[in-house]
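Given next are the chains, with one letter for each unit.
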Amino acid sequence: MSLANTFKSTIAKWLTSETRLNLRRFRAEVRRKLTRKPHIVYYFHRVDDPYCQLMVQVLPDIASRFAVEVRPKVVEKLPANMYPDPARYEAYAVIDASRLARLYGLGFSEEATIPDRLAVGMANRFLASKQDDPSFFAVAAEIGAAIWRRDYEAVRRLCGSADLNEAALTENEGLLKSLGHYASANIYYGGEFYVGIDRLDHLERRLNDLGLGDDEVAYEVHRLWRYGLTELEQSIVGQKVEVFFSVRSPYSYLGLQLISEFAAKTGVDIELRPVFPMMMRGMKVPPAKRSYIVMDTAREARLEGIEFGYLCDPLGAATWRALQIGFALMQHEHQDDAGKGQALRFFKSFMQAVWSQGVDGASDAGLLKILRQAKVDDCWLGKGLPKAETEALAEQNKQDMFRAGSWGVPTFRSSGETFWGQDRIWAVVQTLKQ
């Protein structure tokens, strides 16, 4: 690896390290004490975000169990460039929130659809006028329930004559941007963001470490999919899970590691569906989003015991070479059962190398190391598919992913259901069980 890449990898390792995270948390606590401020948790709410409907139901529990002030901030206009495919995201989020609601025993309409914009606008403005009211979460939950069941008469009754002043919404949107984020259903505490109910366990652990809580972690149910796998083995052996992933996606790195662990324990078959990364498909990832993804991946990786951080970005030539070799291995598997599993081992090895070992995946030396770690013969270094064929296969996978209702990676597909995110293994398990 070049000196420049070594320097970048070393910097990345420091930026994503637990040592730096703990140092940032320590500094945040020192600043809080020096300014004599209470422990303030900011929550950014948006009525037509289905994940927010779950958050308003659980945040009163957080406020009661931890010595913190939870301050809601209602937002409405979020940066469009943060969402590469808003229509698919919006439709998928409703289905996903419904799954999460069942998992955590929360209320969310099974028949929810995208709500009416006028009703949403009225509700956002009304709740913005109530965000300092102690009853905010109860009111927000009631209005949200009416919004998602499309009971707009109830919305009008609950909101009354909504304050049409845009000032509070604009101020809150400015605060969210100034803090460095872009999403609703989002918590900010002491320099860190926790987006959605499936990141609350990180907040719980942090507050417990500060001695502010009950030493319990209630919101980690989605991480408990490993329990009971031995009882599932006979019923799901041989069932298939398609995995759409990009070697340049850190979440895909975690997702491929986790779904491989699940498959190894249960006998489920994995069908690999590699795609090109967003930036090689002409799409951009804004700096704020890129920064959050890397920091969140580091946090998730530590919790899952997966090495991460000493990275060498595989954008460009490294991605091309990985897909050319990977697709060639996949074709070989279809022709010769003796090669079964080589493609999965190669992609896992490649992603581990570039995301946690600082290996240059574009170089022959780097790829030889990756092949050997994967226990794949060195000869495959020169057996990659031509670029045109590689591009056609990756494009077909992308189109199939779009047709399945997803826009990004990692995406899992099984039994006719689509799941987006490395943190949806629990949903794959539940679907296979059923």
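Before reading on, note that the structure itself is shown above.
Analysis parameters
- Residues numbered from 1 in each chain as written.
- Predicted model: local features only at pLDDT ≥ 70, side-chain atom pairs only at ≥ 80, totals over all residues.
- Heavy atoms only, no water.
- Phe/Tyr/Trp six-rings, centres within 6.5 Å; stacked < 30°, edge-to-face > 60°.
- Helix = DSSP H or I, 4+ residues; strand = E, 2+ residues; numbered from the N terminus.
- Buried < 20%, exposed > 50% of the residue type's maximum accessible area, 1.4 Å probe, protein only.
- Lys NZ or Arg CZ within 6 Å of the ring centre and 35° of its normal.
- Pairing = 2+ DSSP bridges.
- Axes fitted to C-alpha atoms, helices over the stretch in contact; angles between N-to-C directions.
- Contact = heavy atoms within 4.5 Å.
- Core = buried A, V, L, I, M, F, W, Y, C linked by side-chain atoms within 4.5 Å.
- Patch = residues over 30% accessible without salt bridge, like charges linked within 9 Å, V, L, I, M, F, W, Y side chains within 5 Å.
- Areas by Shrake-Rupley, 256 points an atom, 1.4 Å probe, with all protein chains shown as cover.
- Salt bridge = Lys/Arg side-chain N within 4 Å of Asp/Glu carboxyl O.
- Expected span 1.5 Å × (residues − 1).
- Arc of directions from axis to C-beta.

**Q** Teacher, can you tell me more about the packing of aromatic side chains here?
**A** For any pair of aromatic rings, the description rests on two quantities: the centre-to-centre distance and the angle between the ring planes. One pass over the full model with this rule turns up 17 aromatic pairs. Each ring, one from Phe108 and one from Trp148, has its centre 5.5 Å from the other, and the planes form 45°; the classification is tilted. In this pair, Phe108 is assigned in the loop between helix 4 (86-104) and helix 5 (117-129) and Trp148 in helix 6 (residues 136-148), connecting sequence segments 40 residues apart. The same class applies to Phe108 as to Trp148, namely buried. With centroids separated by 6.2 Å and ring planes inclined at 45°, the aromatic side chains of Phe346 and Phe350 adopt a geometry described as tilted. In this pair, Phe346 and Phe350 are both assigned in helix 14 (residues 342-356), four residues apart and thus about one turn of the helix distant. Considered together, Phe346 and Phe350 belong to a single accessibility category, that of buried residues. Through successive ring pairs, a cluster of aromatic residues spans Tyr83, Tyr89, Tyr92, Trp407 and Trp420. Directly above the ring of Trp380 sits Lys383, whose terminal nitrogen or CZ lies 5.0 Å from the centroid. Sitting over the face of the ring of Trp320, Lys387 holds its NZ or CZ atom 4.7 Å from the ring centroid.

**Q** Looking at this structure, how should I read the sheet that holds strand 8 (residues 417-420)?
**A** Paired through their backbone hydrogen bonds, the strands of a sheet run either parallel or antiparallel. On the basis of which strands lie adjacent, the open sheet formed by four strands has the order 6-5-7-8 and mixed pairing. The two strands at the open ends of the sheet, each matched to only one other strand, are strand 6 (269-274) and strand 8. Taking the axes of each pair of neighbouring strands and ignoring which way they run, one obtains an average angle of 20° across the sheet. Bridging between strand 5 (residues 240-245) and strand 6 involves six bridges; their strand directions are parallel. Bridged to Lys240 within strand 6 is Asp269. Across the sheet, helix 14 lies against strand 5 and strand 6, angled at about 55° from strand 6, the strand it touches most.

**Q** I'm lost on the nonpolar core in this one. Help?
**A** By size, the foremost hydrophobic cluster in this structure holds 127 residues, and its most contacted members are Phe262 and Phe350. If sequence neighbours within four positions are ignored, Phe350 has contacts with Val247, Pro314, Ala318, Ala322, Gly361, Leu367 and Ile370. By size, the runner-up hydrophobic cluster in this structure holds five residues, among which are Val275, Met401, Phe402 and Val409.

**Q** Which parts of the structure should I look at to understand helix 9 (residues 200-209)?
**A** Of all the 10 residues making up helix 9, eight are buried; the element is thus mostly covered by neighbouring parts of the structure. Restricting attention to buried positions, one finds in helix 9 the residues Leu200, Asp201, His202, Leu203, Glu204, Arg206, Leu207 and Asn208. Against the buried residues of helix 9 lie helix 2 (18-34), helix 3 (50-65), strand 3 (186-189), strand 4 (192-195) and helix 12 (287-304). Looking one or two residues past helix 9, Gly211 carries a phi angle of roughly 75°, positive in sign.

**Q** Can you walk me through the sheet that holds strand 4 in this structure?
**A** Ordered by their spatial adjacency, four strands build an open sheet running 2-1-3-4, and the pairing between neighbours is mixed. Each of the sheet's edge strands pairs with one partner strand only, and the pair in question is strand 2 (69-74) and strand 4. Across this sheet, the average inter-strand angle for adjacent strands is 25°, counted without regard to direction. Pairing geometry for strand 1 (residues 40-45) and strand 2, over six bridges, is parallel. Bridging from a neighbouring strand, Tyr42 pairs with Arg71 of strand 2. In the packing of helix 6 onto the sheet, the strands contacted are strand 1 and strand 2, and the crossing angle to strand 2 comes to about 40°.

**Q** Any chance you could explain a nonpolar patch on the surface here in plain terms?
**A** Taken together, the side chains of Phe7, Ile11, Trp14, Leu15, Leu23, Phe26, Val30 and Leu34 make up a nonpolar region of the molecular surface, amounting to roughly 790 Å² of accessible area. Of all elements in the fold, only helix 1 (3-15) and helix 2 reach the threshold of two or more residues within the nonpolar patch. Within the secondary structure, Val30 sits in helix 2. In this structure Val30 comes out as partly exposed when scored by relative accessible area, which is 33%.

**Q** Please clarify how helix 8 (residues 167-179) should be interpreted in this entry.
**A** Under the 1.5 Å per step criterion, the end-to-end length of helix 8 is 18 Å for 13 residues, consistent within 8% with the ideal 18 Å. Among the residues making up helix 8, those that are buried are Leu169, Asn172, Glu173 and Leu176. End-on, the buried residues of helix 8 take up no more than an arc of 100°, which puts them together on one face. The outward face of helix 8, more than 90 degrees from its buried face, is lined by the exposed residues Glu171 and Ser178. Those residues of helix 8 hidden inside the fold are in contact with strand 1, strand 2, helix 5 and strand 3. One or two residues past the end of helix 8 sits Gly180, with phi positive at roughly 105°.

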